[in-house]
Amino acid sequence: MELMNNPLAPSSIHSTLSLVMTDTVNISNDVPEIVANLVPVHIEYSGSANTQEYFTDSKIREDGHEVAYFRGCKLVGNNVDFANNYTAYVMNKSESLIRIQDNGNNEFNGLEETVKSVNSYNPVGKFTSINVYGHDAPLSQTNQWQLVNEWHDISEIIHS
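Residues numbered from 1 in each chain as written. Predicted model: local features only at pLDDT ≥ 70, side-chain atom pairs only at ≥ 80, totals over all residues. Heavy atoms only, no water.

Asks: What is the right way to read the side chain of N78 from this model?
Replies: Residue placement: N78 occurs in strand β5 (residues 73–81). A polar atom in the side chain of N78 sits 2.5 Å from the side chain of H65. Setting aside residues no more than four positions away along its own chain, N78 makes contact with H65, I130, N131, V132, P138, L139, Q141 and Q146. (Helix = DSSP H or I, 4+ residues; strand = E, 2+ residues; numbered from the N terminus. Polar contact = N/O pair within 3.5 Å; in protein donor to acceptor, adjacent residues only side chain to side chain. Contact = heavy atoms within 4.5 Å.)

In structure tokens form, the structure reads like this:
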């Protein structure tokens with residue numbers, strides 16, 4: 001009995017488990033064009049919403065800025081166009097696990113099992129500009145979203 005519980009016994013089977021991660025991004029030409037708005041609120045919901053049915057368009061132009069109201073809060077924003085005709089995407093992420101078993105001979109004289117985590121990103125919309133809002137006043141010119149095109153320029157310098 002002691003021999004069977006001994007992990008070093010020649011007849012015992014050892015197994016190893018390794019995790020491999022893979023990401024795939026699926027982009028096709030038939031992704032719908034959307035209007036992207038970045039608002040300074042936190043909502044505890046991440047699903048889809050039928051905004052055309054439940055919300056009215058309250059945007060107006062005031063002093064060269066977009067002004068909108070969300071639940072009574074005034075939001076003032078600027079439109080940021082992406083440089084060089086870049087396109088951004090809103091993506092849905094799904095994760096699946098795939099188990100791969102190797103019954104061949106390996107250093108452990110037993111089974112080797114690999115679990116592969118596959119993250120798939122699928123676009124639900126694309127946009128070439130974004131409306132970035134602040135509370136009661138437009139965001140400063142040094143806000144991270146206002147500097148998107150400058151980050152692009154810096155990236156071009158670094159990677160060229």
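More follows now that the structure is in view.
Asks: It is not clear to me how the environment of G125 should be interpreted in this structure. Could you clarify?
Replies: Inspection of the secondary structure puts G125 in strand β7 (residues 111–127). The exposure class of G125 is buried, given its relative accessible area of 0%. When the C-alpha positions of G125 and E33 are compared, they lie 5.7 Å apart, and in sequence the two are 92 residues distant. (Buried < 20%, exposed > 50% of the residue type's maximum accessible area, 1.4 Å probe, protein only.)

Asks: I'm lost on the packing of aromatic side chains in this one. Help?
Replies: Centre-to-centre distance and the angle between the planes together describe a pair of aromatic rings. Tallying each qualifying case throughout the model produces 1 aromatic pair. Centre to centre, the rings of F82 and F127 are 5.9 Å apart; their planes meet at 45 degrees, and the pair counts as tilted. Pair noted here: F82 is in the loop between β5 and β6 (88–102) and F127 is in strand β7, with a separation of 45 residues, a long-range link. Note on accessibility: F82 and F127 belong to one class, buried. (Phe/Tyr/Trp six-rings, centres within 6.5 Å; stacked < 30°, edge-to-face > 60°.)

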